[in-house]
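Observations on the model geometry
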Amino acid sequence: MIYAEYNFDGLIGPTHNYAGLSFGNIASATNKGAASNPKEASLQGLAKMRAAMELGLNQGFLPPQDRPHLKTLRALGFSGTDKEIIEKAAKAEPQLLANCYAASSMWTANAGTVAPSPDTADGKAHVTAANLAANFHRSIEADTTARVLAHIFDNEDYFVHHPPLPGAMHFGDEGAANHGRLCESHGDKGVHLFVYGEDGEKFPARQKKRASEAVARNHLLDPVQTVFVQQSTTALDAGAFHNDVVGVANGTVLFLHEQSFADRDAAYKAIREAAPFVDIIEAPAKDVSLEDCIKSYLFNSQLLTLPANNGSGGEMALLLPQEAEENARVKAFVEATLSKNNPVNRAIYKDVRESMRNGGGPACLRLRVVLSEEEAKAANPNFILDEARITALEHWVKAHYRDRLTPDDLRDPALMEESFAAMQALTDLLSMGAFYDFQR
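Quick summary incoming for the structure in this document. Per-chain numbering applies: the sequence of each chain, read as written, is numbered from 1 onward. This being a predicted model, a pLDDT of at least 70 is required before a residue's local features are given, and a value of 80 or more before pairs of side-chain atoms are given or counted; all residues contribute to the totals for chains, interfaces and linings. The basis for the side-chain values is all heavy atoms of the structure; hydrogens and waters are excluded.

DSSP-based pairing: two strands are paired if at least 2 bridges between them are found. Put simply, DSSP marks the helices as runs of H or I at least four residues long and the strands as runs of E at least two long, and each gets a number from the N terminus on. What the three strands build is an open sheet, ordered β12-β13-β14; its pairing is mixed. The open sheet has two edge strands, β12 (302-305) and β14 (344-350), and neither has a second partner. Ignoring which end each strand starts from, the neighbouring axes of this sheet average 25° apart. Taken together, the six bridges between strand β13 (residues 316-321) and β14 define a ladder with parallel strand orientation. Within β14, the residue paired with M316 across the bridge is V344. Contacts are assigned to residue pairs that have any heavy atoms within 4.5 Å of one another. With axes taken as lines fitted to C-alpha atoms, and helix axes fitted only over the stretch in contact, angles between N-to-C directions fall between 0 and 180 degrees. The sheet strands contacting helix α2 (residues 38-54) are β12, β13 and β14, and the helix crosses β14 at an angle near 155°. Where helix α13 (residues 328-339) meets the sheet, its contacts fall on β13 and β14, and the angle it forms with β14 comes to roughly 150°.

So, in structure tokens, the structure goes:
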């Protein structure tokens, strides 16, 4: 059976703004209150998807969520017409309104965790939507995310969907941002690396060990090929609120910073025992500091295996943010990595500044899903990109998005009306029916 990886990027929504809602995310806090450009943000995301497609890779997307989330505002006691709800919330609870406007579902690395069918005891692909319990604005995504994933992968013969974990903060789950899969080929049985945290002195940990263990149990993973590793509090307090800020796994390669794990030697030993084939490429702290790593999002790059049919021979490329190219120490490390005898031989720098200013790089914007040919055929084709579909999405963005948005603009009900009109047009484009809460 032939398997291939699909990257499902988050399509950035029309209410993308800088409200500074994510505690522990330095970029988010630094840019709080600045004007954003939702149109440019979404087009940058689509340009990154195009770049992956041009490499011969399979590219899908997840649609934005409906924002403002009126269902949440109603549940919290705001009543009246849609317009009255916005006006009341803006007056009484502007920070709550900002949470209900967040376009943070764009970072689909947090959408959930996916175990491909070669790895599971029942031979089906398992999907768990993340509960994102650490931040209110993200926790309200979970139900819709589960609905989106079930809509795209809607075939019980191939896919098993698990609801977000219960238990809120006690089982805080941030999805694939703290999970990686190592394998010799996509169709081989893989090793699953789950990274959890313990609270640092400055910032709390978002991924709980018990959550990772629960996801592994639900996904029927082989315990022998499942590794749980604690993230270092040094990295957490430096601003690595998710492990994917300091490390990424792909195929046979684990690419990470020296200070990623609490016990580096024990972690490497456990990983090598489970995956003897692994090639660990490490950035020494003396060459690339955690500060450099987090400002540039070096390790929040996408590490991609190129298809052999494009002449690459199955080698790997790094798709990095431009901020990594602009940091001399980071760029020197990337060039040194490319020059060495390892599978990584290409670096591609892309502009995703609108996302970066809110604390999300290229890897934050995508969820990896490994599918067999049959599973891919069973997935909803409207969410797998080709030239016609990505062009249609670009036209949709240009027709419906603002090119400037400030947190103060969230008070204006006109933004809500524009956002809902955009989402209605998108559901029509994708034949989704009355999918979102505001449509029901």
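Right, let's talk about empty space enclosed by the protein for a bit. Using only the protein atoms, space was sampled on a 1 Å grid; points where a 1.4 Å probe fits but cannot get out form cavities, open sets with protein on both sides within 12 Å along at least five of seven lines form pockets, and lining residues are those with an atom within 4 Å of a point. Grid points are joined across faces, edges and corners, and a volume is the space filled by probe spheres set on the points. Evaluation of the coordinates by the stated rule reveals six cavities of 30 Å³ or more. Within this model, the largest cavity holds a volume of roughly 410 Å³. Looking at the largest cavity, it is lined by 31 residues, and the ones nearest its centre are H179, G180, R181, A249 and R368. Secondary structure elements with two or more residues in the lining of the largest cavity: β6 (179-182), β7 (191-196), β9 (247-250), β10 (253-257) and β15 (366-372). No other element matches β15, which puts five residues into the lining of the largest cavity. Ten residues, namely Ala, Val, Leu, Ile, Met, Phe, Trp, Tyr, Cys and Pro, are considered nonpolar, four, namely Asp, Glu, Lys and Arg, are considered charged, and the remaining ones, Gly among them, are considered polar. Its residues placed into classes, the lining of the largest cavity shows 17 nonpolar, nine polar and five charged. There is about 240 Å³ of room inside the second largest cavity. Taken together, 25 residues form the lining of the second largest cavity, with S22, S104, W107, H137 and N358 sitting closest to its centre. Partitioned by chemical class, the residues of the lining of the second largest cavity number ten nonpolar, 13 polar and two charged.

On to the pattern of salt bridges, then. Any Lys or Arg side-chain nitrogen located within 4 Å of an Asp or Glu carboxyl oxygen qualifies as a salt bridge. In total, this model carries 20 salt bridges according to the counting rule given. Here D386 ties to R389 by a salt bridge, and the two come within 3.2 Å at their closest N and O atoms. Overlapping salt bridges, with partners in common, bring together R50, E387 and E394 in one network.

Describing two packed helices takes the angle between their axes plus the distance from one axis to the other. Interhelical geometry of helix α16 (residues 387-400) versus helix α17 (residues 413-429) gives an angle of 160° and a closest axis separation of 10 Å. Here α17 runs roughly antiparallel to α16, going by the angle between their axes. Along this stretch, α16 crosses α17, giving a crossing that reads as right-handed. Counting all contacts with α16, which are made through A392, L393, W396 and H400, the residues of α17 involved are A421, A422, A425, L426 and L429. Residues of the contact of α16 with α17, tallied by class, amount to eight nonpolar, one polar and no charged. Every angle not falling under 35 degrees, over 145, or within 65 to 115 is termed oblique; those three ranges are roughly parallel, roughly antiparallel and roughly perpendicular. We call a crossing left-handed when the near helix sits turned anticlockwise from the far one by less than a right angle, and right-handed when that turn is clockwise.

Turning to the packing of aromatic side chains, a few remarks are in order. What counts as a ring pair is set by centres within 6.5 Å for rings of Phe, Tyr and Trp (its six-membered ring), and what kind of pair is set by the plane angle: stacked under 30 degrees, edge-to-face over 60, tilted for all other angles. Scanning the model with the defined rule gives 13 aromatic pairs in all. Here W396 and Y401 contribute two aromatic rings whose centre-to-centre distance is 5.2 Å and whose plane-to-plane angle is 75°, an arrangement assigned as edge-to-face. Throughout this description, buried means an accessible area under 20% of the type-specific maximum (1.4 Å probe, protein chains only), exposed means over 50%, and partly exposed covers the range between. Y401 gets classed as buried once you look at its relative accessible area, which sits at 5%. On the basis of an interplanar angle of 5° and a centroid distance of 4.2 Å, the ring pair of F420 and F438 is categorised as stacked. Note that F420 is positioned in helix α17 and F438 in the segment after α17, a separation of 18 residues in sequence. Among the aromatic residues, those joined into a cluster by ring pairs are F8, F153, Y158 and F159. Comment: the charge-over-ring label is applied if NZ (Lys) or CZ (Arg) is within 6 Å of the ring centre and within 35 degrees of the ring normal. Geometry around F435 places R147 over its ring, the cationic atom sitting 5.6 Å from the centre.

The next point concerns the pairing of β15. Counting buried positions over the seven residues of β15 gives seven, a clear majority of the element. Two elements, strand β1 (residues 3-10) and β15, share seven bridges in a ladder whose sense is antiparallel. By the bridge assignment, F8 is partnered in β15 with L367.

A few words now on the nonpolar core. Ranked by internal contacts, the top residues of the largest apolar core, which has 40 residues, are F8, L46, F61 and F153. In this structure, F61 is in contact with F8, D9, L11, M49, I152, N382, F383, L385, L393 and L430, ignoring residues within four places of it in sequence. In this text, buried Ala, Val, Leu, Ile, Met, Phe, Trp, Tyr and Cys residues form a nonpolar core when linked through side-chain atoms within 4.5 Å. Grouped together as the second largest cluster of nonpolar side chains are 35 residues, M106, C293, M316 and L318 included.

Let us look at the environment of E326. Relative to the elements of secondary structure, E326 occurs in helix α12 (residues 322-326). Using a relative accessible area of 52% as the deciding quantity, one classes E326 as exposed.

Owing to its 3.6 residues per turn, the α-helix aligns residues three or four sequence positions apart on the same side. The buried fraction of helix α5 (residues 94-101) is high, at six of eight residues. The complete set of buried residues in α5 reads L96, L97, A98, N99, C100 and Y101. Where α5 is buried, its residues touch α3 (70-75), α4 (82-92), α6 (136-139) and α17.

This part covers the packing of α2 against α16. Direction vectors running N to C along α2 and α16 enclose 170°, while the axes themselves pass 10 Å from each other. As the angle between them shows, α2 and α16 are arranged roughly antiparallel. Residue-level inspection shows K39, S42, L43, L46, M49, R50 and M53 of α2 in contact with α16, the latter providing E387, I390, T391, L393, E394, V397 and K398. Per-class residue counts for the contact of α2 with α16 are seven nonpolar, two polar and five charged.

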